[in-house]
Amino acid sequence: MDITRTTVPGVGVLHHCGTRAGQRFGVMVDDAERRSLLIYEPSGDPDVPRQTIVMDRDEADQIAALLSDRSVSDRLAVLERRLAELTEKS
């Protein structure tokens, strides 16, 4: 993935992202620490998003957890199953 970071004076920091398949999106982190997910048309203006989704910090954290390797709750569930297996054997 190609990611570029740009400071937007008076607004925040914009991260433009491009996938191998040519899809484009951005993440704007404004000065109030809200995150906006910007979706761009593949062949449209690279500076004008087709859609903007604004999220509070906790909402962005939830999405980040979904996109990570495995969420904390998934990892905890694996540990709980393993603990149950170990205690059954004793």
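All values reported here derive from a predicted model rather than from experimental measurement. Numbers given for residues are sequential positions, taken from 1 along each chain in its written order. A pLDDT threshold of at least 70 governs which residues receive local features in this predicted model, and a stricter bar of 80 or more applies before side-chain atom pairs are shown or counted, although totals over entire chains, interfaces and linings include all residues. Neither water nor hydrogens contribute to the side-chain values; these are computed over all heavy atoms in the structure.

A. The pairing of strand 4 (residues 35–39), seen in detail. Between buried and exposed lies partly exposed: a residue is buried under 20% and exposed over 50% of the maximum accessible area for its type, with that area taken using a 1.4 Å probe on protein chains only. The secondary structure listing takes helices from DSSP runs of H or I that are at least 4 residues long and strands from runs of E that are at least 2 residues long, numbered from the N terminus. Side chains Ser36 and Leu38 of strand 4 all project onto a buried face; the interleaved residues Arg35, Leu37 and Ile39 project onto a face where none is buried. Where strand 3 (residues 24–30) meets strand 4, five bridges bridge the pair, whose relative direction is antiparallel. Each residue of the ladder has a partner; that of Phe25, found in strand 4, is Ile39. Here, any two strands with at least 2 DSSP bridges between them count as paired. Here strand 4 runs beside strand 5 (residues 51–55); their pairing, made up of five bridges, is antiparallel. Paired with Arg35 across the bridge in strand 5 is Met55.

B. Spatial organisation of the side chain of Asp30. Within the element layout of this structure, Asp30 appears in strand 3. A relative accessible area of 16% means that Asp30 is categorised as buried. Each polar contact in these results corresponds to two N or O atoms within 3.5 Å; when the atoms are within protein, one needs to be able to donate a hydrogen and the other to accept it, and residues that are neighboring in sequence are counted only if both atoms are side-chain atoms. In terms of polar contacts, Asp30 uses its side chain to reach the backbone amide nitrogen of Arg34, at 2.9 Å. The residues contacting Asp30, other than those within four sequence positions of it, are Val11 and Gly12. Only heavy atoms enter the contact rule, under which two residues are in contact if any of them lie within 4.5 Å.

C. Examining a nonpolar patch on the surface more closely. There is a patch of nonpolar side chains on the surface, built from Ile63, Leu66 and Leu67 and spanning about 350 Å² of accessible area. Mapped onto the secondary structure, Leu66 falls in helix 1 (residues 57–67). The patches reported here contain residues having more than 30% relative accessible area and no salt bridge. Joining distances are 9 Å for like charges and 5 Å for nonpolar side chains (Val, Leu, Ile, Met, Phe, Trp, Tyr). To be clear on the numbers: accessible area is Shrake-Rupley with a 1.4 Å probe, and residue cover counts the displayed protein chains and nothing else. Criterion for a salt bridge: a side-chain nitrogen of Lys or Arg within 4 Å of a carboxyl oxygen of Asp or Glu.

D. Region of the structure containing the pattern of salt bridges. Overall, the coordinates contain four salt bridges when judged by the stated rule. Here Arg34 makes a salt bridge to Asp30, at a shortest N to O gap of 2.9 Å. Residue Arg34 is classed as partly exposed on the basis of its relative accessible area, which comes to 37%. The residue Glu41 makes a salt bridge to Arg50 at a minimum N-O spacing of 3.5 Å.

E. Local environment of the environment of Thr19. Tracing the backbone shows Thr19 in the loop between strand 2 (12–18) and strand 3. Relative accessible area serves as the criterion here: at 24%, Thr19 is assigned to the partly exposed category. In the structure, Thr19 is positioned 53 residues away from Val72 in sequence and 26 Å away in space, judged by C-alpha atoms. Excluding anything up to four places from it in sequence, Thr19 contacts Met1 and Phe25.

F. Up close: the sheet that holds strand 2. As summarised here, the arrangement of the five strands in space is 1-2-3-4-5, forming an open sheet in which the pairing is antiparallel. Each having just a single partner strand, strand 1 (2–8) and strand 5 make up the two edges of the open sheet. Going from strand to strand, the sheet's axes swing by 20 degrees on average, the running direction of each strand aside. In the packing of helix 1 onto the sheet, the strands contacted are strand 4 and strand 5, and the crossing angle to strand 5 comes to about 110 degrees. Interaxial angles span 0 to 180 degrees and are taken between N-to-C directions of axes, which are lines fitted to C-alpha atoms, for helices over the stretch in contact.

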